[in-house]
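# Examination of the molecular architecture
Here is what each chain is made of, one letter per residue.
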Amino acid sequence: MSDTTHDGALATSKPPSEDAGLAPAELARKYGLSVSGARPSLGGYVRELWGRRHFIMAFSRAKLVAQYSEAKLGQIWQVATPLLNALVYYLIFGLILNAGRGMPKGAYIPFLVIGIFVFSFTQSSLMAGVRAIPGNLGLVRALHFPRASLPISFSLQQLGQLLYSMIVVFVVVLAFGNHPRLSWLLVIPTLALQFVFNTGLALIFGRMGSKTPDLAQLMPFITRTWMYASGVMFSIGEMLKGRPHWIADVLQWNPAAIYMDLIRFALIDSYGPHHLPPHVWAFAVGWAVVIGLGGFVYFWKAEERYGRG
């Protein structure tokens, strides 16, 4: 087709394209295009994570080694920090406030040390999850990988740190007259369930923190309140004697208290079944399944939005 311009020259025009008038979505379907960074199916997402398992493990190990790389004592702080916390809490709660009442003499220090180390595992996983996306935006925006790799790797980092710390826990438990027994093996399934719970929690707050980075500033207040409500420094049942029974039940059935109590039951000879809430193992498994699976699905649903905007 041609037209004559005002100066006599010929101007040509192309015939209308067959794609003219098609919406972007229709054009994408016609030419087999897909959205960059689109969320895969849940099954496909799990397969992608499994394919990145070596990256997840290597990333968690690198973070664990680098955590105290600039400190002169290095990795010793992985154990020294919770031990110093335990010392401070013992001076205040053990000596001044007598929070160990109702326990045999010598049982309170192992009780307190286990509580501090085990709760720190959950607390650190939660805090790392909140910062997982905002703290690694360069990586998120530069490379294509399932974003759940980051909260999972941070939870693995905290598990590795706890396993180092458990050496000190065993030494303290033995030093105060407790002896190795078959119940010590219960530590393995308890920590496995707590790891699943912590990972789900890190994924939930990982999504929330990616949208609201200021959440990281609020988390210390939330975790501190949770710590005081979980019986880290005192026996919930003993401290709430004379109060409505349901209050103690609610506090004892919270997941942090459950995982602490199970490890105390496993390692401390005098910490018998009467210190545990009813159906404790059912609650331990239930919290791990609900928060672990629920957190994974919740995080996956926002996969395409991480690192954008």
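Above this text is the structure in question.
Because the structure is a prediction, the values reported are computed rather than measured.

Turning our attention to the overall build of the protein chain. In terms of regular secondary structure, the protein chain is built from 13 helices and two strands. In the protein chain, of all internal contacts separated by at least 6 residues, the share reaching a separation of at least 24 is 77%.

Of the residues making up helix α11 (residues 245-252), those classed as buried are Ala248, Asp249 and Gln252. Down the axis of α11, the smallest arc covering the buried residues is 100 degrees, so these residues share one side. Residues of α11 that are buried sit in contact with α10 (236-239) and α12 (255-267).

A positive phi angle, near 55 degrees, is found at histidine 279, a position not held by glycine. As for its position among the elements, histidine 279 is in the loop between α12 and α13 (280-300).

With that out of the way, let us pick up the packing of α12 against α13. At a minimum axis distance of 10 Å, the contact between α12 and α13 shows a crossing angle of 125 degrees. Classified by the interaxial angle, the pair formed by α12 and α13 is oblique. For the crossing formed where α12 meets α13, the hand is left-handed. Here α12 contributes Pro255, Ile258, Tyr259 and Leu262 to the contact with α13, which in turn contributes Val280, Trp281, Phe283, Ala284, Trp287 and Ala288. In terms of residue class, the contact of α12 with α13 is built from 10 nonpolar, no polar and no charged.

This part covers the pattern of salt bridges. The full count for this structure, using the stated rule, is three salt bridges. For aspartate 269, the salt bridge identified is with arginine 181, shortest N-O distance 3.1 Å. A residue pair is termed long-range when its members are at least 10 positions apart, and aspartate 269 in the loop between α12 and α13 and arginine 181 in the loop between α7 (149-175) and α8 (187-211) qualify at 88 residues. Owing to a relative accessible area of 33%, aspartate 269 belongs among the partly exposed residues under this scheme.

About the cut-offs
- Residues numbered from 1 in each chain as written.
- Predicted model: local features only at pLDDT ≥ 70, side-chain atom pairs only at ≥ 80, totals over all residues.
- Heavy atoms only, no water.
- Helix = DSSP H or I, 4+ residues; strand = E, 2+ residues; numbered from the N terminus.
- Contact = heavy atoms within 4.5 Å.
- Buried < 20%, exposed > 50% of the residue type's maximum accessible area, 1.4 Å probe, protein only.
- Arc of directions from axis to C-beta.
- Axes fitted to C-alpha atoms, helices over the stretch in contact; angles between N-to-C directions.
- Parallel < 35°, antiparallel > 145°, perpendicular 65-115°, else oblique.
- Left-handed = near helix turned anticlockwise from the far one by under 90°.
- Nonpolar A, V, L, I, M, F, W, Y, C, P; charged D, E, K, R; others polar.
- Salt bridge = Lys/Arg side-chain N within 4 Å of Asp/Glu carboxyl O.

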